[in-house]
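Analysis of the macromolecular model
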There are 2 protein chains.
Amino acid sequence: MLPFVRALSKRDRLSVAEITLLNSLPFRKVAFVPGAEIIAEDSRPGESCMVMRGFAARSHYLRNGGRQITALHVPGDFVDLHAYLLKVMDHGVAAINSCEVGFTSYDSIRRATEQSPHLGRLFWLSTVIDGAVQRAWITCMGRLSTKQRIAHFLCELYLRLEAAGIASDNRYALPLTQTQLGDLLGLSVVHINRKLQELRSTRLVDWKGGMVFINDFDALAELAEFDPTYLSLRIEPR
Amino acid sequence: MLPFVRALSKRDRLSVAEITLLNSLPFRKVAFVPGAEIIAEDSRPGESCMVMRGFAARSHYLRNGGRQITALHVPGDFVDLHAYLLKVMDHGVAAINSCEVGFTSYDSIRRATEQSPHLGRLFWLSTVIDGAVQRAWITCMGRLSTKQRIAHFLCELYLRLEAAGIASDNRYALPLTQTQLGDLLGLSVVHINRKLQELRSTRLVDWKGGMVFINDFDALAELAEFDPTYLSLRIEPR
DNA sequence: CGGTTTGTTGAAACAGCTCAAGAAATGTGG
DNA sequence: CCACATTTCTTGAGCTGTTTCAACAAACCG
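For clarity, every value in this text was computed on a predicted model and none was experimentally measured. (Residues numbered from 1 in each chain as written. Chains lettered and ligands numbered in written order. Predicted model: local features only at pLDDT ≥ 70, side-chain atom pairs only at ≥ 80, totals over all residues. Heavy atoms only, no water.)

1. Concerning the sheet that holds strand β7 (residues 99-105) of chain B
Residue and element names in this part refer to chain B. Filter applied, for reference: Strands pair, by our definition, only if DSSP identifies at least two bridges between them. Helix numbers and strand numbers start at the N terminus; a helix is a DSSP run of H or I with at least 4 residues, a strand a run of E with at least 2. Helix axes are fitted to C-alpha atoms over the stretch in contact, other axes to C-alpha atoms as well, and angles between N-to-C directions run from 0 to 180 degrees. A contact between two residues is defined here by any heavy atoms of the two lying within 4.5 Å.
The strand order across the open sheet built from 3 strands is β1-β7-β3, with neighbouring strands paired in antiparallel fashion. Among the strands making up the open sheet, the edge pair consists of β1 (28-32) and β3 (47-53). Put simply, the sheet's adjacent strands are angled 30 degrees from each other on average, direction ignored. Contacts between helix α4 (residues 106-115) and the sheet are confined to β3 and β7, with β7 contributing the most and set at about 70 degrees to the helix.

Structure below.
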């Protein structure tokens, strides 16, 4: 089953017909090496893409060479449903690690939404959840301490990966470098490094060898003022 | 004409039937005094709302009493279309100044989208543009200097107000206090105050008596690395 | 007109950045 | 499986940006 279907089914009941329709969406699968550009800034794609395996990031680059990651996409994320309506990319999408992405044409998206308006709303929901995540990031960046931001990010990612069915037991593979985490949280590597050490020393969470181990999720969430409401991980008729 | 219709018509061609349909959406209009809560955090609204007059803000509050504004909504913004799909509010919406808001039920939204799938996509577009604005804010907060952040915000708001038909000639009414601007950009009032003075001293922009005067939009945009692509202010078939 | 909110200023403390260098981990070709 | 090159992580030191606290001035409101 597609991780996307699994993630959707954490948010609403899907009929067998809808699952069939989703599984029959024609995906052109492409593999990307770490750092490769998946969708170029300013391009006008004719397809949307979904992460099948690995991580991808949306990012903006600045004049001084600085980078800001505005979203991290994990397996099951319908990354570029936005572009179906925005038409022009205002940012680029790149592979974080070695990853596989599926492309499907706007035509097939439109056909699916016309065949099932409910599925159309679920596609819409997927973009709206992305927006909720971005709002949470804005709050983190504006008002939380560095240690809290890191903790918040680690909590969020655990729940998202769990929803996609690729994390459990409070642990998951996180293929990010500290530089990338800095670009994501809007901080320098050096500072990330130091605060990460402080966070590790609390023993609430570990991150080594590309694996995150959350030893005390509740305490970590408490530290980060993390409230999972914004992830909409509840089954509701939508 | 609704400012919402005006803003949409900057992004796609609307048929007469669609404009009629929009104008016939039943809106229950409510006036709010400055600071009043329009939608409560954690509530489950049964209606979406649109700003008719004045400004409204989404915000998160933190344990220490801090506040982060994650979106500023101006006349023509269909503020709470998100909740149509999210169901539970993960944040509150409050009036910035004295404002008028129109509420319309999820039922009428659903009827309109079923009557016109194209209008449905335009509603979806409206939420996706909100997301694009949030991504731009993330980049601002993470990687721009304070002066740039202020400048970026002032540029963005001018274009959004112009699209809604309530700003022109590089000037507009901005009913924010410096404290609110700080909550929006994730900075303290004191710092906002000092950097605002520096920005004023460049003569690129003025802000006094609740009015913003952009003396040199291009130079201000250049300073802020502002690229309006993300606002999707182009007519495209969507 | 007086009370309250908003804007402005100074000074000290703290958070985060940059630069630079060395240590550890990872990847690659032989 | 080792040796080497490259990337990533870690550390120190000095500097810049931002916050906090506290006070006063100016603007606004009833």
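2. Observations concerning the UniProt feature "domain: HTH crp-type" (unreviewed entry) in chain A
Quick reminder of the rule: UniProt positions are given in the numbering used here, feature names are shortened, and annotations may be inferred rather than shown by experiment.
This chain's UniProt record puts "domain: HTH crp-type" (unreviewed entry) on residues 144-218 of chain A. For residues 144-218 of chain A, the helix share is 55%, the strand share is 15%, and the end-to-end C-alpha distance is 18 Å.

3. Re the protein's contact with DNA strand D
Put simply, the rule reads: Note on definitions. A residue lies near a molecule or strand when any single heavy atom of the residue is within 4 Å of it. Whenever two N or O atoms come within 3.5 Å, that pair is a polar contact, provided that in protein one can donate a hydrogen and the other can accept it, and provided that, for residues adjacent in sequence, both atoms are side-chain atoms. Amino acid classes used here: Ala, Val, Leu, Ile, Met, Phe, Trp, Tyr, Cys and Pro are nonpolar; Asp, Glu, Lys and Arg are charged; the rest, including Gly, are polar.
Near DNA strand D lie 14 residues; those nearest to it are Q178, N193 and Q197 of chain A together with S188 and H191 of chain B. The share of sugar and phosphate among atoms of DNA strand D within 4 Å of the protein is 66%. Between DNA strand D and the protein, one listed contact pairs a phosphate oxygen with a backbone N or O atom of Q178 of chain A at 2.8 Å. Elements with a minimum of two residues in the surface near DNA strand D: α8 (189-201) of chain A together with α8 (189-201) of chain B. Residue contributions to the surface near DNA strand D peak at 5 residues, all from α8 of chain A. Considered class by class, the residues forming the surface near DNA strand D number 3 nonpolar, 8 polar and 3 charged.

4. Structural notes on the packing of helix α6 (residues 146-163) of chain B against helix α7 (residues 178-185) of chain B
Helix packing geometry: the angle between the two helix axes and the distance between the axes. Residues and elements named next belong to chain B. Put simply, the test is: Roughly parallel here means an angle under 35 degrees, roughly antiparallel means over 145, roughly perpendicular means 65 to 115, and every remaining angle is called oblique.
Running from amino to carboxyl end, α6 crosses α7 at an angle of 100 degrees, the nearest separation of the two axes being 11 Å. In terms of orientation, α6 and α7 fall into the roughly perpendicular class. Between α6 and α7, the contacting residues are R149, I150 and F153 on the first element and L181, L184 and L185 on the second. For the contact of α6 with α7, the per-class residue count stands at 5 nonpolar, no polar and 1 charged.

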